[in-house]
Amino acid sequence: MASIVCIANQKGGVGKTTTALNLSAFLGKKNKKILLVDMDPQGNASSGMGFDIHKLDRTIYEVLLEEYSSLECILPTKEENVWILPSNVNLAGLEVDLLEKENKNEQLKQILNKIRNQYDYIIIDSPPNLGILTLNGLCASDGVIIPLQTEYYALEGITQLMKVIHRVQKTLNPSLVLVGVLLTMYDSRTSLSKMVVDDVKKHFKEKVFDSIIPRNVKLSEAPSFGKSIALYAPDSAGAIAYEKVAEEFLNRI
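Because the structure is a prediction, the values reported are computed rather than measured.

(A) Looking closely at the pattern of salt bridges. Under the counting rule described, the total for this entry stands at eight salt bridges. Here R215 and E151 are joined by a salt bridge, their closest N and O atoms 2.2 Å apart. Placement of the pair is R215 in the loop between α8 (191–204) and α9 (217–221) and E151 in the loop between β6 (143–149) and α7 (158–171), with a sequence separation of 64 residues. Taking relative accessible area as the criterion, R215 reaches 45% and is therefore assigned partly exposed.

(B) Up close: the sheet that holds strand β2 (residues 34–38). On the basis of which strands lie adjacent, the open sheet formed by seven strands has the order β3-β4-β2-β5-β1-β6-β7 and mixed pairing. Edge positions in the sheet fall to β3 (75–76) and β7 (177–184), since each has one partner strand and no second. Looking at chain direction, strand β1 (residues 3–7) and strand β5 (residues 121–125) are connected through five bridges and run parallel. Opposite C6, over in β5, you have I124 as the bridge partner. Docked against the sheet, helix α1 (residues 16–29) engages β1, β2, β4 (82–85), β5, β6 and β7, running at close to 165° with respect to β5.

(C) Quick look at the pairing of β2. For β2, the buried fraction is high: five of the five residues fall into the buried class. Because side chains alternate across β2, one face comprises the buried residues I34, L36 and D38, and the other comprises L35 and V37, equally buried. The pairing of β2 with β4 spans four bridges and is parallel. Paired with L36 across the bridge in β4 is I84.

(D) Representation of α7 within the structure. A rise of 1.5 Å per residue sets the reference length of α7, with its 14 residues, at 20 Å; its end C-alpha atoms lie 20 Å apart and thus fit the reference within 8%. For α7, the set of buried residues is I158, L161, M162, V164, I165 and V168. Here the buried residues of α7 occupy an arc of 155° about the axis, which is enough to place them on one side. In α7, the exposed positions that point more than 90 degrees away from the buried face belong to T159, K163, R167, K170 and T171. Buried-residue contacts for α7 involve α6 (132–140), β6, β7 and α8.

Conventions and cut-offs
- Residues numbered from 1 in each chain as written.
- Predicted model: local features only at pLDDT ≥ 70, side-chain atom pairs only at ≥ 80, totals over all residues.
- Heavy atoms only, no water.
- Salt bridge = Lys/Arg side-chain N within 4 Å of Asp/Glu carboxyl O.
- Helix = DSSP H or I, 4+ residues; strand = E, 2+ residues; numbered from the N terminus.
- Buried < 20%, exposed > 50% of the residue type's maximum accessible area, 1.4 Å probe, protein only.
- Pairing = 2+ DSSP bridges.
- Contact = heavy atoms within 4.5 Å.
- Axes fitted to C-alpha atoms, helices over the stretch in contact; angles between N-to-C directions.
- Expected span 1.5 Å × (residues − 1).
- Arc of directions from axis to C-beta.

Any link to function would need more than the numbers given here.
Here's what the structure looks like:
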């Protein structure tokens, strides 16, 4: 039965989708069967896997509205052992659609519980906010990974996210655990990046991944080619870092 992990941070541009894509890809390369669930209306994980999101008429949105089953919407990707439940802008309307629904924060959980025995890991990419889509991701998950940019004000907003996680643990999903905090966009040339790493490690201690994701041009380029870094530039610093993250992830899980 799959372990389900949500990649979450309400701040945009911290590496959520990059982490979801590349963690999925490297786990797939380690012979794990992976389902990537795109819960962001921007559909960046879906386009990053090579899909034209404007042409998709069967997405996670239609599954959540019970118009299609998840099995009718899951697509194979170019990545080894990785499938995706894609998304597009339609998902932005979900909050209104679920307004009158009971257990509206647990819709994704019900969907994934039906198929989790078909995968080793299910990775959820969440949007940059703490609304109903992120809550669905947290309620459906066994664990959460928080990507954190090694830049000024990195810890700003994390207090709010941790409050939401604790609230979910108390009321909706008591089995949810913090898998770890993943430091991203690290620039070894700046003293600021090093200071942020020290601050985050003081705050989260052993919950911080040993592996740190560097600033890397290839990592930024890969999604525009519809590929993970594992396919696009397997020898790059970004690929080496995410492969280590995947190894550490397996040890932590």
